Amino acid sequence: MIEQRRHALPAIYAPPTAPRPILLLAGEPQSARVAREYVREYVLFHVPGASEEHLETTVLVTSELVTNAVRYGTEPGDFLRVVLDADDTRTRVEVHDPVRRRPRPRPESEHRDRGRGLLILDSFCPGAWGVFDIPLGKAVWAEVKAS
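The structure displayed is predicted, hence computed values, not measured ones.

Draft legend 1. Representation of the environment of Pro 105 in the model. Relative to the helices and strands, Pro 105 resides in the loop between β3 (90-97) and α4 (117-124). Sequence spacing of Pro 105 and Leu 119 is 14 residues, and the spatial spacing of their C-alpha atoms is 7.7 Å.

Draft legend 2. How the structure looks around the pattern of salt bridges. Counted according to the given criterion, the structure contains 11 salt bridges. For Glu 56, the salt bridge goes to Arg 40, with nearest N and O atoms at 2.8 Å. Pair noted here: Glu 56 is in helix α3 (residues 52-73) and Arg 40 is in helix α2 (residues 31-46), with a separation of 16 residues, a long-range link. In this structure Glu 56 comes out as partly exposed when scored by relative accessible area, which is 33%. We classify Arg 40 as partly exposed; its relative accessible area is 28%. Of the charged contacts, one joins Arg 102 and Asp 133 as a salt bridge, the two residues approaching to 3.3 Å between their closest N and O atoms. Taken together, the residues Arg 102 in the loop between β3 and α4 and Asp 133 in strand β4 (residues 129-134) connect sequence positions 31 residues apart. Arg 102 sits in the partly exposed class, given a relative accessible area of 42%. Taking the relative accessible area as the measure of exposure, Asp 133 reaches 41% and is therefore partly exposed.

Draft legend 3. Highlighting the side chain of His 54. Looking at the secondary structure, you find His 54 in helix α3. Using a relative accessible area of 3% as the deciding quantity, one classes His 54 as buried. Setting aside its immediate chain neighbours within four residues, His 54 contacts Val 43, Arg 90, Thr 91, Val 144, Lys 145, Ala 146 and Ser 147.

Draft legend 4. Quick look at the packing of α3 against α4. Relative orientation of the contacting elements α3 and α4 amounts to 155°, with a least axis distance of 10 Å. If you check the angle between α3 and α4, you find them roughly antiparallel. Every pair of crossing elements has a handedness; the one defined by α3 and α4 is left-handed. Contact with α3, carried on its side by Thr 57, Leu 60, Val 61, Glu 64, Leu 65 and Asn 68, involves Gly 117, Ile 120, Leu 121 and Phe 124 of α4 and no other residues of that element. Residues that form the contact of α3 with α4 fall into these classes: 6 nonpolar, 3 polar and 1 charged.

Draft legend 5. The packing of α2 against α3, seen in detail. Following both chains from N to C, one finds α2 and α3 inclined at 150°, their axes separated by 9 Å at the closest point. In this structure, α2 meets α3 at a crossing whose hand is right-handed. Each of Ser 31, Ala 32, Ala 35, Arg 36, Val 39, Arg 40, Val 43 and Leu 44 in α2 lies in contact with α3, whose residues at this interface are Glu 52, His 54, Leu 55, Glu 56, Thr 58, Val 59, Thr 62, Ser 63, Val 66 and Thr 67. Partitioned by chemical class, the residues of the contact of α2 with α3 number 8 nonpolar, 6 polar and 4 charged.

Draft legend 6. Up close: the sheet that holds strand β5 (residues 137-145). Taking strand neighbours across the sheet as the criterion, the 5 strands line up as β1-β2-β3-β5-β4 in an open arrangement whose pairing is antiparallel. Edge positions in the sheet fall to β1 (22-26) and β4, since each of these pairs with one other strand and no more. Mean inter-strand twist for the sheet, computed between neighbouring axes without regard to direction, equals 20°. Pairing between β3 and β5: 8 bridges, direction antiparallel. Counted as the bridge partner of Thr 91 is Val 144 from β5. Packed onto the sheet, α2 meets β1, β2 (79-86) and β3 and runs at close to 170° relative to β1.

The rules behind these values
- Along each chain, residue indices are assigned from 1 in the same order as the chain's sequence is written.
- Only residues with pLDDT of at least 70 get local features here, since the model is predicted, and only at 80 or more are side-chain atom pairs given and counted; chain-wide, interface and lining totals rely on the full set of residues.
- Only hydrogens and water are set aside when side-chain values are computed; all heavy atoms of the structure are taken into account.
- A run of H or I in DSSP counts as a helix once it spans at least four residues, and a run of E counts as a strand once it spans at least two, with each numbered from the N terminus.
- Note on definitions: salt bridges are taken to be side-chain nitrogens of Lys or Arg within 4 Å of carboxyl oxygens of Asp or Glu.
- Think of it in three bands: residues with accessible area under 20% of the maximum for their type are buried, residues over 50% are exposed, and the middle band is partly exposed, with areas taken using a 1.4 Å probe on protein chains only.
- The criterion used for residue contact is that any of the two residues' heavy atoms lie within 4.5 Å.
- The axes used here are C-alpha line fits, helices contributing only the stretch in contact, and every angle between their N-to-C directions lies in the interval 0 to 180 degrees.
- Just so you know how the angles are binned, under 35 degrees is roughly parallel, over 145 roughly antiparallel, 65 to 115 roughly perpendicular, and the rest oblique.
- Helix crossings are classified by the rotation of the near helix relative to the far one: an anticlockwise turn of less than a right angle makes the crossing left-handed, while a clockwise turn makes it right-handed.
- Each residue gets one of three labels, nonpolar for Ala, Val, Leu, Ile, Met, Phe, Trp, Tyr, Cys and Pro, charged for Asp, Glu, Lys and Arg, and polar for the others, Gly among them.
- Between any two strands, pairing holds if DSSP finds at least two bridges.

In short, the description is geometric, and any link to function would need to be established separately.
In structure tokens, the structure reads:
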């Protein structure tokens, strides 16, 4: 009888593990996709009531920050770090890379496919993004307000 009950007992419930706030990535183009997936998972876990608009905007902003860090802030073999913080009012995304050179706006051009990353940050995070130095490089950050 005891053996029958032992087999009928439910498995012990283990709560899901929260995604950590720091993600280390290789300085290569594929890292933008990994960062997008990770940020989506992070926001859904830490802010379960986040709107779809907030989630998609945060993913887009993260993609821009990581892509720019890969293009302009890394060399072959370098790594970058994504640092996240989210609550009901906003999600903050920081991307750390090993190059001190700060991003700068480029003049608008119909002939260039690149150089619009800061315009995207300005439109989705007006007045809520910036750059600061870290011991071995820089961090570019943006905060996406909850919608």
